[in-house]
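Architecture and fold: a report
Letter by letter, the chains look like this.
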Amino acid sequence: MVTNELFRQCLSVIPKEQRAEFDLSYGIAERLDTLLKQKGITQHELARRLGKRDSEVSKWLTGRHNFTTSTIARIETAVGEKLVMIAD
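I will try to describe carefully the structure that is included in this document. The model shown is predicted, which means the values in this text are computed figures rather than measured ones. Note that residues are indexed from 1 along each chain, following the sequence as it is written. For this predicted model, a pLDDT threshold of at least 70 governs which residues receive local features, and a threshold of 80 or more governs which side-chain atom pairs are given and counted, while totals over whole chains, interfaces and linings are taken from all residues. As a rule here, side-chain values cover all heavy atoms of the structure and leave hydrogens and water aside.

1. What to know about the overall build of the protein
Each helix and strand in the protein was counted, giving 5 helices and 0 strands. A run of DSSP states H or I qualifies as a helix once it reaches four residues; a run of E qualifies as a strand once it reaches two. Both are numbered from the N-terminal end. When the helices and strands of the protein are placed in sequence order, the string is α-α-α-α-α. Projected onto its principal axes, the C-alpha coordinates of the protein cover approximately 40 × 30 × 20 Å. Three labels apply to residues, based on accessible area from a 1.4 Å probe with only protein chains included: buried if under 20% of the type maximum, exposed if over 50%, partly exposed otherwise in between. Residues classed as buried in the protein amount to 30% of the 88 residues present. Looking at the protein alone, contacts between residues at least 24 apart form 55% of all its contacts between residues at least 6 apart. Two residue types count as positive, namely Lys and Arg, and two as negative, namely Asp and Glu; His and chain ends fall outside the count. Note that the charge is assigned to NZ on lysines, CZ on arginines, CG on aspartates and CD on glutamates. Put simply, the protein has 14 plus and 12 minus side-chain charges, and the middle of one group is 4 Å from the middle of the other. Whether two residues are in contact is decided by their heavy atoms, any of which lying within 4.5 Å being enough.

2. Focus: the layout of surface pockets
Taken as a whole, the largest pocket spans an internal volume of roughly 180 Å³. Only protein atoms enter the 1 Å grid, on which a cavity is a set of points fitting a 1.4 Å probe that cannot get out and a pocket is an open set with protein on both sides within 12 Å along at least 5 of 7 lines, lining residues being those with an atom within 4 Å of a point. Looking at the largest pocket, the residues that line it are Glu-21, Leu-24, Ser-25, Gly-27, Ile-28, Arg-31, His-65, Asn-66, Phe-67, Ile-72, Leu-83 and Val-84. Element by element, the count of residues in the lining of the largest pocket is highest for helix α2 (residues 16-39), at 6 residues. Here the residues of the lining of the largest pocket are counted per class, giving 6 nonpolar, 4 polar and 2 charged. Grid points are joined across faces, edges and corners, and a volume is the space filled by probe spheres set on the points. Under the convention adopted here, Pro, Cys and the residues Ala, Val, Leu, Ile, Met, Phe, Trp and Tyr are nonpolar, Asp, Glu, Lys and Arg are charged, and Gly plus all remaining residues are polar.

3. Brief notes about the pattern of salt bridges
Should a side-chain nitrogen of Lys or Arg be within 4 Å of a carboxyl oxygen of Asp or Glu, the pair is scored as a salt bridge. Summed over the entire model, instances satisfying the criterion amount to 7 salt bridges. As a salt-bridge pair, Glu-76 and Lys-82 come within 3.7 Å of each other at their nearest N and O atoms. The exposure class assigned to Lys-82 is partly exposed, which follows from its relative accessible area of 47%. Through salt bridges with shared partners, a single ionic network connects Glu-45, Arg-48 and Arg-49.

4. So, the side chain of Glu-76
Its location among the elements puts Glu-76 in helix α5 (residues 69-79). Filtering out sequence-adjacent residues up to four positions away, Glu-76 remains in contact with Glu-81, Lys-82, Leu-83 and Val-84.

5. Focus on α5
One turn of the α-helix equals 3.6 residues, which is why residues spaced by three or four share an orientation. Along α5, the positions that sit buried rather than exposed are Thr-71, Ile-72, Ile-75, Glu-76, Ala-78 and Val-79. Along α5, the residues classed as buried sweep out an arc of 165 degrees about the axis, all on the same side. The exposed residues of α5 that point more than 90 degrees off its buried face are Thr-69 and Thr-77. Where α5 is buried, its residues meet α2, α3 (43-50) and α4 (54-60). Once α5 finishes, Gly-80 follows within two positions and takes phi at roughly 75 degrees, a positive value. The arc in question is formed by the directions pointing from the helix axis toward the C-beta atoms.

And the structure:
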């Protein structure tokens, strides 16, 4: 996920709750990026399907967006795959 050593060192000193939030946000962004590539869907196409601006989808893919469950559900519907897996 994060390959820059200085960035990793900075992350190591933040509170566990913030780290968990960071991991979730970046994990969702990475999963979305993977799904888009696998399905051949561009950021522009996803934005069109969701009625969003290209810049918003671009922001999602940075991993710095606080996704709501509603947004996650809409993305999953738009790409036809699960973005977040919930274990039983």
